[in-house]
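Chains, contacts and geometry: an overview
Given next are the chains, with one letter for each unit.
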Amino acid sequence: MLSSCNVCESKDLTDIWDLPNFPLTGIYVDRPDEVNYQNTYPQKLQFCTNCSHAQLANQIDPSFLYRDTYTHRTSESPISASGNKFLLDFILSKTNGKNFQQVLEIGCNDLLLLQNLRDRTQNQAGVDPIWPDGIHVSEQGIRLWGGFAESANYSELLKHKIDLIISAHTFEHVLNPKKAILSLQDQISEDCLLIIEVPSAERMLEQRRLDQVFNQHVNYYSVRSLETLMKPLGFNLVDLEYNYSYWGGTQLLVFSRDINSHNDLVRPHLTTEAYKESIVDFEAAMRNASSQIENSHGPVYLYGAAQMLPSLIYHLTDSALRKITGIIDDNPARQGKFYPNFGLKISSSDRLFDLEQSTIVVSALDSARPILRRLIELKPRTIIIPSGLI
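Below: a short report on this structure. Since the model is a prediction, treat every value here as computed from it, not as a measurement. (Residues numbered from 1 in each chain as written. Predicted model: local features only at pLDDT ≥ 70, side-chain atom pairs only at ≥ 80, totals over all residues. Heavy atoms only, no water.)

With respect to the overall build of the protein
When helices and strands are counted, the protein shows eleven helices and 17 strands. Taken against the 2.2 N^0.38 rule, which gives 21 Å for 390 residues, the C-alpha radius of gyration of the protein at 21 Å falls within 12% of a compact globule. In terms of overall dimensions, the protein has C-alpha extents of about 65 × 45 × 40 Å along its principal axes. Put simply, 68% of the contacts in the protein that link residues at least 6 apart link residues at least 24 apart. Accessible area for the protein stands at about 16,700 Å²; split by element, carbon and sulfur atoms hold 47% of it. For the protein, the distance from the average site of its 35 positive side-chain charges to the average site of its 46 negative ones is 2 Å. (Helix = DSSP H or I, 4+ residues; strand = E, 2+ residues; numbered from the N terminus. Rg over C-alpha atoms; globule rule 2.2 N^0.38 Å. Contact = heavy atoms within 4.5 Å. Areas by Shrake-Rupley, 256 points an atom, 1.4 Å probe, with all protein chains shown as cover. Lys, Arg positive; Asp, Glu negative; His and termini not counted. Charge placed at Lys NZ, Arg CZ, Asp CG, Glu CD.)

Here it is as structure tokens:
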């Protein structure tokens, strides 16, 4: 269990949420009993009163978390691809047409973003554990480190000093973000820009979306904690924007090493009490959703076989789960699959003929808006949205 903050190394940590037998997410299998390894872990959410960072107390070995069964790829996920387009437009707008000599993407996944920046960057490099171990070069000439950011061999990976660092939805997964940042110390140019996108702790609490707490996300950043993380490398926050169509509101931040840079951005102040209040409201909403499911008429289907569905159903009651008939998802790659230790097969909506008499539970909350448009066409008897604003 962690005893200090991942960002500022303070010991001023408070345990704010106990999550026993908390499941892994992002895993799809051919049979519900196929997984022969530990699938749930004792977990706690901690809050640092010094820098307003939140983190999971028990860190699971990332080589176990992100092996072949972890399926997320940016280009294969419509919501991720859309978010990537928003980030690309943000990068282009904030760099004012500048060309860069060396870009580094931390968490390059399947290279979608780096490929779209090739005409603006002379040399491209990426780091991600989904690639084979060590250094190699992609077909597009992108230099890759197959491993974690904390241990990357930047002296061999890079051709020049870095003048643009980008990272999207990676630092929430990094076990030691401070070590990852400090490992860049000798590799960045004086005029380097850093553009990062991560889920927003402020928006998560504002929307009572505590289903966004799950084992793969070790860190829950506030604006203040991100500033604290970047300060040792001389980075100052110069711009902040939100993508409200992605994860309920991801935060995109621009950092500069220009000592004359300044801003008058508002920085919300998160507290232990704010977290606890949001958790109480979220748990009440999940009890209410469970009651609605338990008392519903007709067959009950979950709509949306999301990566994070195990963390959502974790908060439903056992009696509510027993009422659920099946899981619907219109992604062919997920149809016919199961979640570990959850015996409901994922099916297409086209193969079900009783939807007009059914109750539909929106189970992919981050895609709730397009799902609701689809459900209007299907005309189910009842629609339940378990928690949060959408």
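Points about a nonpolar patch on the surface
Among the surface-exposed residues, Ile383, Ile385 and Ile390 lie close enough to one another that they form a single nonpolar patch of about 210 Å² accessible area. Positionally, Ile383 belongs in strand β17 (residues 382-384). Residue Ile383 is classed as partly exposed on the basis of its relative accessible area of 36%. (Patch = residues over 30% accessible without salt bridge, like charges linked within 9 Å, V, L, I, M, F, W, Y side chains within 5 Å. Salt bridge = Lys/Arg side-chain N within 4 Å of Asp/Glu carboxyl O. Buried < 20%, exposed > 50% of the residue type's maximum accessible area, 1.4 Å probe, protein only.)

Some remarks on the packing of aromatic side chains
A full pass over the atoms with the stated rule returns six aromatic pairs. Ring plane angle 90° and centroid distance 6.0 Å describe the contact between Trp17 and Phe282, whose orientation is recorded as edge-to-face. Within this pair, whereas Trp17 is found in strand β1 (residues 13-23), its partner Phe282 is found in helix α8 (residues 272-294), the two being separated by 265 residues in sequence. By the burial criterion, Trp17 is buried, and Phe282 matches it. (Phe/Tyr/Trp six-rings, centres within 6.5 Å; stacked < 30°, edge-to-face > 60°.)

With respect to the sheet that holds strand β9 (residues 188-199)
The sheet built from eight strands is open, its strands ordered β6-β7-β5-β4-β8-β9-β12-β11 with mixed pairing. The sheet terminates laterally at β6 (134-137) and β11 (236-243), the two strands that pair on one side only. Each adjacent strand pair in this sheet contributes to an overall mean axis angle of 15°, direction not counted. Bridge count for β6 against strand β7 (residues 143-146) is four bridges, and the pairing is antiparallel. Residue pairing across strands places Ile135 opposite Trp145, the latter belonging to β7. In the packing of helix α7 (residues 223-230) onto the sheet, the strands contacted are β9, β11 and β12 (250-256), and the crossing angle to β12 comes to about 30°. (Pairing = 2+ DSSP bridges. Axes fitted to C-alpha atoms, helices over the stretch in contact; angles between N-to-C directions.)

Some thoughts on α7
Counted residue by residue, α7 has six buried out of eight residues, so it is predominantly covered. Taken residue by residue, α7 has Val223, Ser225, Leu226, Glu227, Leu229 and Met230 as its buried positions. The inward-facing, buried residues of α7 contact α5 (177-182), β9, α6 (201-206), β11 and β12.

So, the sheet that holds β1
Overall, antiparallel pairing links the four strands, which are arranged β1-β2-β3-β10 in an open sheet. Looking at strand neighbours, the two that pair on one side only are β1 and β10 (219-220), the edges of this open sheet. Relative to strand β2 (residues 40-48), β1 runs antiparallel, the two sharing eight bridges. Pairing of Pro23 across the sheet is with Thr40, part of β2. Seen against the sheet, α8 touches β1, β2, β3 (54-56) and β10 and runs at an angle of roughly 30° to β1.

A closer look at the pattern of salt bridges
Going through the model one piece at a time under the given rule, you end up with 17 salt bridges. Across the pair Asp330 and Arg374 runs a salt bridge, and its minimum N-O distance is 3.6 Å. Of this pair, Asp330 sits in the loop between β14 (324-328) and β15 (346-347) while Arg374 sits in helix α11 (residues 368-378), and the two are 44 residues apart along the sequence. For Asp330, a relative accessible area of 37% corresponds to the partly exposed category. Overall, the relative accessible area of 23% leaves Arg374 in the partly exposed class. Several salt bridges converge on common partners, so that one network encompasses Asp330, Asp350, Arg374 and Glu377.

Quick notes on the pairing of strand β4 (residues 100-106)
Of all seven residues in β4, six are buried, a share of seventy percent or more. Sheet analysis places β4 next to strand β5 (residues 121-127), joined by six bridges and oriented parallel. Residue pairing for β5: Glu105 is matched across the bridge by Gly126. Strand direction decides the pairing type here: β4 and strand β8 (residues 162-168), joined by three bridges, are parallel. Each residue of the ladder has a partner; that of Val103, found in β8, is Leu164.

A word on unusual backbone geometry
For Leu111, which is not glycine, the phi dihedral falls at a positive 70°. Within the secondary structure, Leu111 is located in the loop between β4 and α3 (112-116). With relative accessibility at 2%, the residue Leu111 sits in the buried group.

A word on the environment of Ala289
Mapped onto the elements, Ala289 comes out in helix α8. Beyond its immediate chain neighbours, meaning those up to four positions away, Ala289 contacts Leu316 and Pro386.

What is shown is where atoms sit, not what they do.
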